[in-house]
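Here is how the chains run, residue by residue.
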Amino acid sequence: SEAWAEQLEQADLTPVGSEEKADLCIVNTCTVTGRAAMQSRQAIRQARRDHPHARIVVTGCYAQTAPNDIGAIEGVDLIIGHADKLALAKHLVMLDDDGHASPKWVHQPIDQARRFAPLPAVSMETRTRAFLKIQDGCNTRCTYCIVPYARGRSRSMPVADVLMHLERLAIDGFREVVLTGIHLGAFGLDANPPTNLGTLLSRILACPSIERIRLSSIEPTEVDEHIIGLIANGHGRLCRHLHIPLQSGDDDLLRRMGRPYTRDLFARAIHLVHRHLPEAAIGMDVMAGFPGETEKAFQRTVALVRRLPVSYLHVFPYSPRPGTPAADLDKKVPERITKARCRVLRHLGREKHAAFLNAMIGKELKVLIESISDDENPSARGLSDNYVQVRLPSAGLKKNDLITVRVERIEKDGTAIAIKERLSQGGPSH
């Protein structure tokens, strides 16, 4: 969305405020769950109600997988699939003055997107950290997941281009970059010759550009001693933060899901991280209500999560997606049971997060300052390398400072209250 905004501003379009009427509305849709698809439809209709004379353009994953459903919504002018979305500004010339009667489509099968299409960087005014997408698509076919149907096969940004983008972001003043992808751990496997994420991280550490790199998510089968060693020995440049999806702690359910690991393999990966990086934040995705999830299977998941040294959970109910194999599986779990299981997992997640935060009291953390309040008692807020939200007195600080703090206590909302120890002087952007 930010990339499109940048393209359109370069084409002399001006963003409007929330109270102004627009000439053009772009709805970037999601379809990862049934709720996301519903919210996408609602957003399209809301855009038409709020801006009755605007052109309505719809793109994103829902536009790729269900263009007919979107075309049936009154007032949509243009539907752009994933294969063409980066040329959005160019496609806007298709919009003429013939009214809103029938939407025009720029839509082709996603498998035609063979090469990685890079996105421009975010602007400095948007965030203190940048998000650099280095991989797209997925070759894994988890039975519940619609994403491969929306994004196509795995494809990666060339290593030289990754290093170039990081250098540009450092020059622009960013001190942290999050490397993102649909299946980040598959980075480079499609290259000629093939490479991998660990090799890329080694190359990044060898270049004095961005001071801090964070990984968005990585599969348990891709957590190895090489990557963990790079984090442990990277002098703070690789964040002590790994998000590793579990989905279920029951081996039979993992097989039904098409997940390529067992509960024991997952546990070994988590313990490997914790052994080498005892203060690392380890997050997990956990699904409740997948078809065939018995009470015993669910309790196996709860027991596994309870005994693992994880820091937080992302809990979500199973959502059947039309066209995926899981949508046709038997042994559906009633919605009320799914909701109850989600509540149990979320409560457990809050317990795990509280224990992780309390273990940080008295510890030194490196924090990137993201905001400075302007109230009577101004304070600074930021994020530590191991994913702790921190607040401290703002005296002498400014946005985008990278500082070392010592945690004094944890507030009820999970914010760590800290004092400044020292300011980092070692970065190219400082």
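Here the structure is shown first, and the text comes after it.
What you see is a predicted model, and the numbers here were worked out from it, not measured in a lab. (Residues numbered from 1 in each chain as written. Predicted model: local features only at pLDDT ≥ 70, side-chain atom pairs only at ≥ 80, totals over all residues. Heavy atoms only, no water.)

S.K.: Outline the packing of helix α8 (residues 197–205) against helix α9 (residues 225–232), supporting the account with residue identities and numerical values.
M.R.: Two elements in contact, α8 and α9, have axes separated by 9 Å at closest approach and are oriented at 20 degrees. By the criterion of interaxial angle, the relationship of α8 to α9 is roughly parallel. Crossing geometry of α8 relative to α9 is assigned as left-handed. Contact residues: Leu197, Gly198, Thr199, Leu201, Ser202 and Leu205 in α8; His226, Ile227 and Leu230 in α9. Here the contact of α8 with α9 is built from residues that sort into 5 nonpolar, 4 polar and no charged. (Axes fitted to C-alpha atoms, helices over the stretch in contact; angles between N-to-C directions. Helix = DSSP H or I, 4+ residues; strand = E, 2+ residues; numbered from the N terminus. Parallel < 35°, antiparallel > 145°, perpendicular 65-115°, else oblique. Left-handed = near helix turned anticlockwise from the far one by under 90°. Contact = heavy atoms within 4.5 Å. Nonpolar A, V, L, I, M, F, W, Y, C, P; charged D, E, K, R; others polar.)

S.K.: Requested: an account of the sheet that holds strand β11 (residues 312–317), with residues and values cited.
M.R.: Taken in spatial order, the 3 strands make up an open sheet running β9-β10-β11, and their pairing is parallel. Either end of the sheet is taken by a strand with one partner, and the two such strands are β9 (241–243) and β11. Across this sheet, the average inter-strand angle for adjacent strands is 15 degrees, counted without regard to direction. (Pairing = 2+ DSSP bridges.)

S.K.: Can you lay out the packing of helix α12 (residues 295–307) against helix α13 (residues 335–358) for me, pointing to particular residues and giving the numbers?
M.R.: α13 packs onto α12 with a crossing angle of 10 degrees between their chain directions and a minimal axis gap of 10 Å. Comparing their axes, α13 and α12 come out roughly parallel. Here Glu295, Phe298, Thr301, Val302, Val305, Arg306 and Arg307 of α12 lie close against α13, whose contacting residues are Arg341, Val344, Leu345, Leu348, Glu351 and Lys352. Of the residues that constitute the contact of α12 with α13, the class distribution is 6 nonpolar, 1 polar and 6 charged.

S.K.: Report on the sheet that holds strand β7 (residues 176–181), specifying residues and quantitative values.
M.R.: On the basis of which strands lie adjacent, the open sheet formed by 4 strands has the order β6-β5-β7-β8 and mixed pairing. The sheet terminates laterally at β6 (155–156) and β8 (212–215), the two strands that pair on one side only. As defined by bridge partners, strand β5 (residues 129–136) adjoins β6 across 2 bridges and the pair is classed as antiparallel. Directly across from Asp136, in β6, lies its bridge partner Arg155. Of the strands in this sheet, β5, β7 and β8 are in contact with α8, which crosses β8 at around 165 degrees.

S.K.: An account of the packing of aromatic side chains is requested, with residue identities and associated values reported.
M.R.: Under the definition given, this model contains 4 aromatic pairs. Aromatic side chains Phe290 and Tyr318 sit 5.2 Å apart centroid to centroid with 75 degrees between the ring planes, which places their arrangement in the edge-to-face category. Pair noted here: Phe290 is in the loop between β10 (281–288) and α12 and Tyr318 is in the loop between β11 and α13, with a separation of 28 residues, a long-range link. Judged by its relative accessible area of 12%, Tyr318 is buried. (Phe/Tyr/Trp six-rings, centres within 6.5 Å; stacked < 30°, edge-to-face > 60°. Buried < 20%, exposed > 50% of the residue type's maximum accessible area, 1.4 Å probe, protein only.)

S.K.: Talk me through the layout of surface pockets; I want residue IDs and the actual numbers.
M.R.: Computed from the structure, the second largest pocket encloses a volume of approximately 600 Å³. Mapped by element, the contributors of at least two residues to the lining of the second largest pocket are α1 (2–10) and β1 (24–29). With 5 residues, the single largest contributor to the lining of the second largest pocket is α1. In terms of residue class, the lining of the second largest pocket is made up of 11 nonpolar, 6 polar and 4 charged. (1 Å grid on protein atoms, 1.4 Å probe; cavity = no way out; pocket = protein on both sides within 12 Å on 5 of 7 lines; lining within 4 Å. Points joined across faces, edges and corners; volume = space filled by probe spheres on them.)

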